[in-house]
Every structure is written in C-alpha cells, then in structure tokens.
Amino acid sequence: MTDPSNASVWGRLGTLLSEFYNAPYRGAVARARRDEDDLFMLFVFAELLGIPNPATYYTLELQPVLLERFHQWHTRMGLEHSPLDHFRCC
Amino acid sequence: MTISGVVRDLLDRQILFIGGKGGVGKTTIAASLAISAADLGYTCLLVSTDPAHSLGDIFGIEIGDSETTVSENLTALEIDPERTATAHIVTVKDNMKRLVHPRLYSEVDRQLELAAHAPGTMEAALLERVAELVCESGSKYDLLIFDTAPSGHTVRLLSLPEIMSSWTDGLLKHRAQSGRFAAMLKTFGNAGQASDELSHLDSVADHAPDSPEDRIQDLLSARRRKFIITRERLLDAKTTSFLLVLNPDHLSILETEKVITSLLSFDIKIAALVINRALTSSISGSGEFINSRRTQDSEYLDRIKSVFGSFPRVVVPLQPRDVYGFDSLRDIGKKLL
C-alpha cells in the first residue's frame, strides 16, 4: 500500500487514508514496545542499579549486545553521559 | 532392606550423584564406585564439584581442572569455578570492547572485574560446567559420577536449573512481547513518518539477520536449552540416580533426613543410602571402649533402618586404616557392589 510506484490518484488517496488511521496506533505500539525493551534492559542491568539479580552471571553476556540501546536510552532520558558509575558507553 | 546388587544396578545409569554431610566419606565412596565401574568395563568420568577438591589426593595424582586419565576407563576432573568464571568474563570483555570507544576500555575492565567477584558468580560458573557435562552425558563416557560438596551446597546446585530456566523464560517472554509489538508495527506500515524519537524503533522492527534482537534471542535460548536439558536429565530416574552417604551417628542421620526432604521438594528421589564407617559385628575386638562403640553403632543402624526403611541401603564397615590409593578403594568398591 505504500508502493511509491503507485502514482494513481486512488493509490495515493489509499496511502493517505491508511496513514491517517494507522499513525496514532503506530505511535502507541512503538511506545509500548519501547517500554517493553526498556524493562528488559532494566532486568539485564539490575545488579548495576543495586537490584539483586539471581542470574547476573548470565545477564553479563547480554550487556555488550544492549550497549547501543543503553546509549539511546540515556540520551532519550536527557542524560548526556551514562548515569551508571560502572557502566559507560560514551 | 540391605540389598546387595542395588548399587551395581546403578552403574547402568548415565549419571550418579554422591552426596551427604561433610566428612562422611563422599569422596571415598565416589572414587571406589568409579574405580569398580572402570574395572567392570564402564568408561567413567569422576567429577568433583566440591571447592575443596580431594579426588587427586585420594588417588595420589595431580588432577585439576581438566579431564585427567587416572587408570584404564577412568578419567577424573576437579571443576575450578573461578577459572570458568574468569574465562566467561574475558569473553564478555572482548565483546564489550568491540563495541565501545577504546578510551573506555579501562572502565570495561573495572566493571567486569567487579562482576567476577559478585556473589553467586562462582555458583553460576559451577552450574555452567555441571550443566555442560550433564548435557553431554552418555556420549563420551558410559557413566558420569559427581562427587559433590556437602549437602546444602548440592541441594542448591540441583535447584538452580529450575530457578534459572524460569528466569530465562521470564526474559524470553518479554522478548516475545516486544516482538509482537514489532510485528504489529509492520502491519501498520512504516511510512517513515513516525516521530523522530521513535524512528530508531522502526528500523529495529525490520531487523537484519544479525541484529541485537536476534543475538539476545539466541543467547537466551541457548541458556534456556541448557537448563532445561540439565533439569530433565537430573529428574529422569532412568538417567540419573542420587546416592547419599551417611555415618552411623546422630548428626549425620538428622542431616540426611533434611537432605532427603529438600531433594524431594525438587522431585529428586534418593536411589540408595550408603552407611559408611559402621562398626559392624563382623569387626572383631573387645574392650570397654570398642564394645560401647559397637553398641552405639548397632543402635544407630536400627534407627537408620526405622527412619530410612523405604530406601535400599548398603553398609560399608569401618576400615582398620585410612582409605586412599587404588587397592584400598577397590576393597571398598567390592563391599559396595
């Protein structure tokens, strides 16, 4: 439905309409997903925040994978640098 | 019911755990059993999970943290959780360093050094090794015998696969939820008109094969698989059997009762009890001291019979001298089988 080669008036109208209806939901779902991902990150970095985690040894291997998302999170939160003393990403 | 042959039958399992209170003779029983099994033609790996290893001492050879041949058919291993943890942390460090700016390397080092000394790290590293051995059981060796650390430690070790698999299940559930949102985003179409702060999420939703999303999923799934297989094998009575060693004395009987109860709460049943160092009537000698000991031991054996009547039991008499070295271990092995 978003095929750019579809140049007909009806095609463009269809795209506009589906955008009109979908955009608010897309935003909500994207936010819900981001919250879910932030929560997941909290689990992985739990120990660093002083929350006991039974599986620190195993979450350790997830930390490098989450490094980039962690960076995005703290910039999104308006923090220029990582707020965790022992975990710096930039 | 003191049945001869009950321990002999256990050699046909893939995994045997030898547990019990500290100092009752777990290592002696495990080593005797291992050497007897090896003599009968079973290829056998004897593993010590006790942080204070004494397998090497009992055989009179150097063993350490690698599979070492002790005699024909018999290999031994003393797990060193510290070394395992260090290796794991080095891998994480390397992965981390590939992703951060070089000026942060010292930070990465510092943070991960701390992780190496976090409570639970050694336990998790030990579980990791035990899980690996249990997952491979039946392929390289006919029989895997674990000489475990004193009771509480082992009960905890056996309960970990369950705790850890429910933990990974929890994390995977959150990944699945995130994945469902990503799929929904796709059906709404990615017109590139999402607000700036969310745009990176759209790009993640359409992730590449080697994306962090897949990497997280893979790491967690691999963990979960290991825990689940370990737990399944430990709980399968046809694969794994648990032997408890006790002495005819007050404290040892009480602790054995507690261990049996706590193992039952993890659905683990004891296959047999080995009553070690019993001053049986077959031991000659008289005098006030030895007669008093003998009376006491027979009282305790009666008590063991009434408390643990439903478990098969094997009695190993007190030996005139210390048990170590191949010959004396073989003697004990004969009494066990």
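Residues numbered from 1 in each chain as written. Chains lettered and ligands numbered in written order. Predicted model: local features only at pLDDT ≥ 70, side-chain atom pairs only at ≥ 80, totals over all residues.

Caption draft 1: Structural view of the overall build of chain B. When you go through chain B residue by residue, the secondary structure sums to twelve helices and eight strands. The globule rule puts the C-alpha radius of gyration for 337 residues at 20 Å, and the 25 Å found for chain B is more than 25% above it. Seen through its principal axes, chain B has C-alpha atoms that stretch 95 × 40 × 35 Å. Residues classed as buried in chain B amount to 40% of the 337 residues present. Here the analysis covers contacts within chain B between residues at least 6 apart in sequence; of these, 77% occur between residues at least 24 apart. (Helix = DSSP H or I, 4+ residues; strand = E, 2+ residues; numbered from the N terminus. Rg over C-alpha atoms; globule rule 2.2 N^0.38 Å. Buried ≥ 20, exposed ≤ 12 C-beta atoms within 10 Å, placed from the backbone. Contact = placed C-beta atoms within 7 Å.)

Caption draft 2: The arrangement of the overall build of chain A in detail. The helix and strand tally for chain A stands at three helices and zero strands. Listed by position from the N terminus, the elements making up chain A come as α-α-α. Taken over C-alpha atoms, the radius of gyration comes to 20 Å for chain A, far larger than the 12 Å a tight globule of 90 residues would show. Each principal axis of the C-alpha atoms in chain A carries an extent, and together these give about 60 × 25 × 20 Å. Partitioning the intrachain contacts of chain A with sequence separation of at least 6 by distance along the chain shows that 31% fall at a separation of at least 24.

Caption draft 3: Here's a closer look at the pairing of strand β6 (residues 240–246) of chain B. Residues and elements named next belong to chain B. Within β6, seven of the seven residues are buried, leaving the element largely enclosed by the surrounding structure. Every second residue of β6 is oriented toward a common face, with T240, F242, L244 and L246 on one face and S241, L243 and V245 on the other, all of them buried. Note that strand β1 (residues 15–20) and β6 share six bridges and pair parallel. Considered in β6, the bridge of F17 is made with F242. Here β6 pairs with strand β7 (residues 270–278) via five bridges, running parallel. When the sheet's bridge partners are listed, L246 is paired in β7 with I275. After leaving β6, the chain enters helix α10 (residues 250–264) and then returns to the sheet as β7, a path that is right-handed. (Pairing = 2+ DSSP bridges. Right-handed = clockwise from strand over helix to strand, strands pointing away.)

Caption draft 4: Summary view of the nonpolar core. Within the largest apolar cluster, 93 residues are counted, with the highest numbers of intra-cluster contacts made by A34, C44, L46 and I145 of chain B. Excluding residues within four positions of it along the chain, I145 of chain B makes contact with L16, I18, A30, L33, A34, C44, L46 and V47 of chain B. Grouped together as the second largest cluster of nonpolar side chains are six residues, V29 and A30 of chain A together with L185 and F188 of chain B included. (Core = buried A, V, L, I, M, F, W, Y, C linked by C-beta atoms within 7 Å.)

Caption draft 5: Structural detail: the environment of A131 of chain B. All names here are of chain B. Examined against the element boundaries, A131 turns out to sit in helix α6 (residues 121–136). The exposure class of A131 is buried, given the 22 C-beta atoms found within 10 Å. With 102 residues separating them in the primary sequence, A131 and R233 have C-alpha atoms 9.9 Å apart.

Caption draft 6: Region of interest: the interface of chain B and chain A. At the junction of the two partners, chain B supplies 43 residues and chain A supplies 40 residues. When contributions to the side of chain B that touches chain A are tallied by element, the ones reaching two or more residues are α4 (81–97), α5 (105–116), α6, α7 (151–187), α8 (196–205) and α9 (212–235) of chain B. Residue contributions to the side of chain B that touches chain A peak at twelve residues, all from α7 of chain B.

Caption draft 7: Here's a closer look at unusual backbone geometry. The backbone of D267 of chain B sits at a positive phi, close to 65°, despite the residue not being glycine. Here R277 of chain B, not a glycine, exhibits a phi torsion of approximately 60°, which is positive.

Caption draft 8: Just the pairing of β1 of chain B, in detail. Of all six residues in β1 of chain B, six are buried; the element is thus mostly enclosed. Along β1 of chain B, one buried face is formed by I15, F17 and G19 of chain B and the opposite face, lined by L16, I18 and G20 of chain B, is buried too.

Caption draft 9: Quick look at α9 of chain B. With 24 residues, α9 of chain B extends 34 Å from end C-alpha to end C-alpha; this agrees with the ideal 34 Å at 1.5 Å per step. Turning to α9 of chain B, its buried residues are I216, L220, R223, K226, F227, T230, R231, R233 and L234 of chain B. As for α9 of chain B, its buried residues are in contact with α2 (56–59) and α3 (63–76) of chain A together with β1, α6, α7 and β6 of chain B. (Expected span 1.5 Å × (residues − 1).)

Caption draft 10: Seen up close, the confidence of the model for chain B. Residue and element names in this part refer to chain B. Summarising the model, chain B shows a mean pLDDT of 87, and 92% of its residues fall at 70 or more. Here residues 191–206 scores under 50 on pLDDT; set against residues more than four positions off or in separate chains, the count is 24 contacts. Of the two predicted TM-score estimates for the complex, the pTM is 0.82 and the ipTM is 0.74. (pLDDT = per-residue confidence, 0-100.)

Caption draft 11: View of the sheet that holds β7 of chain B. Residue and element names in this part refer to chain B. Here eight strands make up an open sheet; going across it, the order is β3-β4-β2-β5-β1-β6-β7-β8 and the pairing mixed. The open sheet has two edge strands with one neighbour each: β3 (68–71) and β8 (313–317). This sheet shows a mean twist of 25° between the axes of neighbouring strands, independent of strand direction. Both strand β2 (residues 44–48) and strand β5 (residues 143–147) contribute to a ladder of five bridges, which runs parallel. The partner of C44 across the bridge, within β5, is L143. (Axes fitted to C-alpha atoms, helices over the stretch in contact; angles between N-to-C directions.)

Caption draft 12: Representation of the packing of α3 of chain A against α9 of chain B in the model. Packing of α3 of chain A against α9 of chain B brings their axes to within 9 Å, and their N-to-C directions diverge by 145°. The handedness of the crossing between α3 of chain A and α9 of chain B comes out as left-handed. Between α3 of chain A, through V65, E68 and R69 of chain A, and α9 of chain B, the contact on the second element is made entirely by P212, R215 and I216 of chain B. (Left-handed = near helix turned anticlockwise from the far one by under 90°.)

Caption draft 13: Layout of helix α12 (residues 326–336) of chain B. All names here are of chain B. Every buried residue belonging to α12 is among L329, I332, G333 and L336, and all of these are buried. Angular distribution of buried residues about the axis of α12 spans 105°; they occupy a single face of the element. In α12, those exposed residues whose orientation departs by more than 90 degrees from the buried face are D327 and K334. As for α12, its buried residues are in contact with α1 (6–10), α2 (26–39), β7 and β8. (Arc of directions from axis to C-beta.)

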